[in-house]
Amino acid sequence: MGLTGLFLITFLIVHCSINAMIFFNDGGETFNHWAHFMGSNLIIRIMEIGLFLGLILHIIQGLVLTLQNNKARPIKYAKNNASSNSKWYSRSMGLLGTLILIFLIIHLYHFWTPSRFGGMWGIHELQETTLSTYTNQPVHDLYAEMQKVFEGNLLIVIIYVLGVFSLGWHLLHGFQSAFQTFGINHKRYTPIIKVVGIAFSIIVPLVFALMPVAIYCGWVS
Ligand code: HEM
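Heads up: these notes are all about the structure in this document.

### Digging into the overall build of the chain
For step 1, the next point in the chain: Scanning the chain from N- to C-terminus turns up eight helices and two strands.
For step 2, the next point in the chain: Seen in sequence order, the chain has helices and strands lined up from the N terminus as α-α-α-α-α-β-β-α-α-α.
For step 3, the next point in the chain: Looking at the chain as a whole, 35% of its 221 residues qualify as buried.
For step 4, the next point in the chain: Of the contacts made within the chain by residues no fewer than 6 positions apart, 70% connect residues no fewer than 24 positions apart.
For step 5, the next point in the chain: For the chain, the computed accessible surface area is about 13700 Å², with 68% contributed by carbon and sulfur atoms.

Set out below in structure tokens:
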């Protein structure tokens, strides 16, 4: 779980950094260019298969772990003061993971399926293309797609904010837990990992949440 979790964390860093280019306020030019690079580069497309396999594996591992935990103690404690030795989010990883999965299904339907399979099986196509100022080649206008998804669509914006909020709580436990799985328990480094984990779990979801909110409120153009 730790390994697939760290792999997914790496994906989040790349995804968040590229998407944050919409804040350059250049009509999405830089963002579209790099999103196109990510979508068309052969090596990254191969890594994308790894990403989805990693995601599926992470979900299966989570389910197996939950089943094993339940099996280890089929008869529940008569009195269990769980909050005295663990945080609620560490006990709710399954629930948080399920909320993220629901968010992901909606999210992939919005952006990934039209960009990869648009027009096939009746999935709506990304109509808009724009010329990259970097290569002068036509690229999918994913920025226009973002505007289409979020502008005037408060419900979708709320779903996205709740989705990344769940992601933040999930990471708060998951980040540090991944390092613990590898047996990294060091007097000096563990407190540093904890601080980095907390900062990551707050900053990345916050930047993600700002994207739909900023587009909805017209803060980026
Ligand atoms: C909340 C703000 C977010 C926005 C505006 C956003 C936007 C996008 C866009 C435009 C794409 C399509 C990229 C392409 O076709 O090349 C995409 C793909 C994707 N997003 Fe997001 N995303 C957000 C958050 C997230 C989060 C929090 C996750 C994970 C928990 C996530 C997971 C994915 C995955 C797995 C893909 C497909 C992978 C790929 O393109 O290779 N996204 N997103």
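We are not done yet, so read on.
### Things to note about the pattern of salt bridges
For step 1, the next point in the chain: Under the defined criterion, the tally for this structure stands at two salt bridges.
For step 2, the next point in the chain: One salt bridge in this structure joins Arg45 and Glu48, with 3.5 Å as the shortest N-O distance. Residue Arg45 and its partner Glu48 are located together in helix H3 (residues 42-72), separated by three residues, close to a single helical turn.
For step 3, the next point in the chain: Accessibility expressed as a relative area gives 34% for Arg45, which makes it partly exposed.
For step 4, the next point in the chain: With a shortest N-O distance of 3.4 Å, Glu145 and Lys148 are connected by a salt bridge. Linking Glu145 with Lys148, this pair stays in helix H6 (residues 142-150), spanning three residues, or about one helical turn.

### With respect to the nonpolar core
For step 1, the next point in the chain: In terms of nonpolar packing, the biggest core is built from 33 residues, with Ile22, Phe31, Phe111, Met146, Phe150, Phe200 and Phe208 touching the most fellow members.
For step 2, the next point in the chain: Of all elements in the fold, only helix H1 (2-19), helix H2 (29-40), helix H5 (93-117), H6, helix H7 (154-181) and helix H8 (189-217) reach the threshold of two or more residues within this core.
For step 3, the next point in the chain: A total of eight residues in this core trace back to one element, the largest contributor, which is H8.

### Examining the packing of H7 against H8
For step 1, the next point in the chain: Interhelical geometry of H7 versus H8 gives an angle of 170° and a closest axis separation of 9 Å. The orientation of H7 relative to H8 falls into the category roughly antiparallel.
For step 2, the next point in the chain: Here the residues of the contact of H7 with H8 are counted per class, giving 19 nonpolar, four polar and one charged.

### As for the site of the ligand
For step 1, the next point in the chain: The full set close to the ligand counts 23 residues, and His15, Asn19, Glu48, His107 and Ser115 are the nearest of them.
For step 2, the next point in the chain: Contacts to the ligand include Asn19, whose side-chain N or O atom sits 3.4 Å from a nitrogen atom.
For step 3, the next point in the chain: Within the side chain of His107, a nitrogen or oxygen atom sits 2.7 Å from a nitrogen atom of the ligand.
For step 4, the next point in the chain: Elements with a contribution of two residues or more to the shell around the ligand: H1, H3, H5, H6, H7 and H8.
For step 5, the next point in the chain: In terms of residue count, the dominant contributor to the shell around the ligand is H5 (eight residues).

### Looking at H3
For step 1, the next point in the chain: If you check H3, its first and last C-alpha atoms are 45 Å apart, about what 31 residues at 1.5 Å a residue would give, namely 45 Å.
For step 2, the next point in the chain: Of the residues making up H3, those classed as buried are Ile44, Glu48, Leu51, Gly54, His58 and Gly62.
For step 3, the next point in the chain: For H3, the secondary structure elements touched by its buried residues are H1, H2, H5 and H7.

### A closer look at the side chain of Thr190
For step 1, the next point in the chain: The residue Thr190 is located in helix H8 in this model.
For step 2, the next point in the chain: Residue Thr190 is classed as buried on the basis of its relative accessible area of 15%.
For step 3, the next point in the chain: Excluding anything up to four places from it in sequence, Thr190 contacts Ile184 and Asn185.

### Focus on the coordination of the iron atom of the ligand
For step 1, the next point in the chain: All of the protein donors around the iron atom of the ligand are His15 (NE2) and His107 (NE2); their distances to the metal are 1.9 to 2.0 Å.
For step 2, the next point in the chain: The partly exposed category is assigned to His15, whose relative accessible area is 23%.

### Here's the deal with unusual backbone geometry
For step 1, the next point in the chain: Phi at Asn25 is positive, roughly 60°, even though this residue is not glycine.
For step 2, the next point in the chain: Position of Asn25 among the secondary structure elements: in the loop between H1 and H2.
For step 3, the next point in the chain: The exposure class of Asn25 is partly exposed, given its relative accessible area of 41%.

### Some thoughts on H2
For step 1, the next point in the chain: When the terminal C-alpha atoms of H2 are compared, their 16 Å separation across twelve residues agrees well with the 16 Å that a helix rising 1.5 Å per residue should span.
For step 2, the next point in the chain: Every buried residue of H2 is listed here: Thr30, Phe31, Asn32, His33, Ala35 and Gly39.
For step 3, the next point in the chain: Buried residues in H2 make contact with H1, H3, H5, strand E1 (129-131), strand E2 (138-140) and H6.

Rules of the game
- Residues numbered from 1 in each chain as written.
- Predicted model: local features only at pLDDT ≥ 70, side-chain atom pairs only at ≥ 80, totals over all residues.
- Heavy atoms only, no water.
- Helix = DSSP H or I, 4+ residues; strand = E, 2+ residues; numbered from the N terminus.
- Buried < 20%, exposed > 50% of the residue type's maximum accessible area, 1.4 Å probe, protein only.
- Contact = heavy atoms within 4.5 Å.
- Areas by Shrake-Rupley, 256 points an atom, 1.4 Å probe, with all protein chains shown as cover.
- Salt bridge = Lys/Arg side-chain N within 4 Å of Asp/Glu carboxyl O.
- Core = buried A, V, L, I, M, F, W, Y, C linked by side-chain atoms within 4.5 Å.
- Axes fitted to C-alpha atoms, helices over the stretch in contact; angles between N-to-C directions.
- Parallel < 35°, antiparallel > 145°, perpendicular 65-115°, else oblique.
- Nonpolar A, V, L, I, M, F, W, Y, C, P; charged D, E, K, R; others polar.
- Near = heavy atom within 4 Å.
- Polar contact = N/O pair within 3.5 Å; in protein donor to acceptor, adjacent residues only side chain to side chain.
- Expected span 1.5 Å × (residues − 1).
- Donors = N, O, S within 2.8 Å, 3.2 Å for Na, K, Ca; no water.

It is worth stressing that arrangement in space is one thing and function is another; only the former is reported here.
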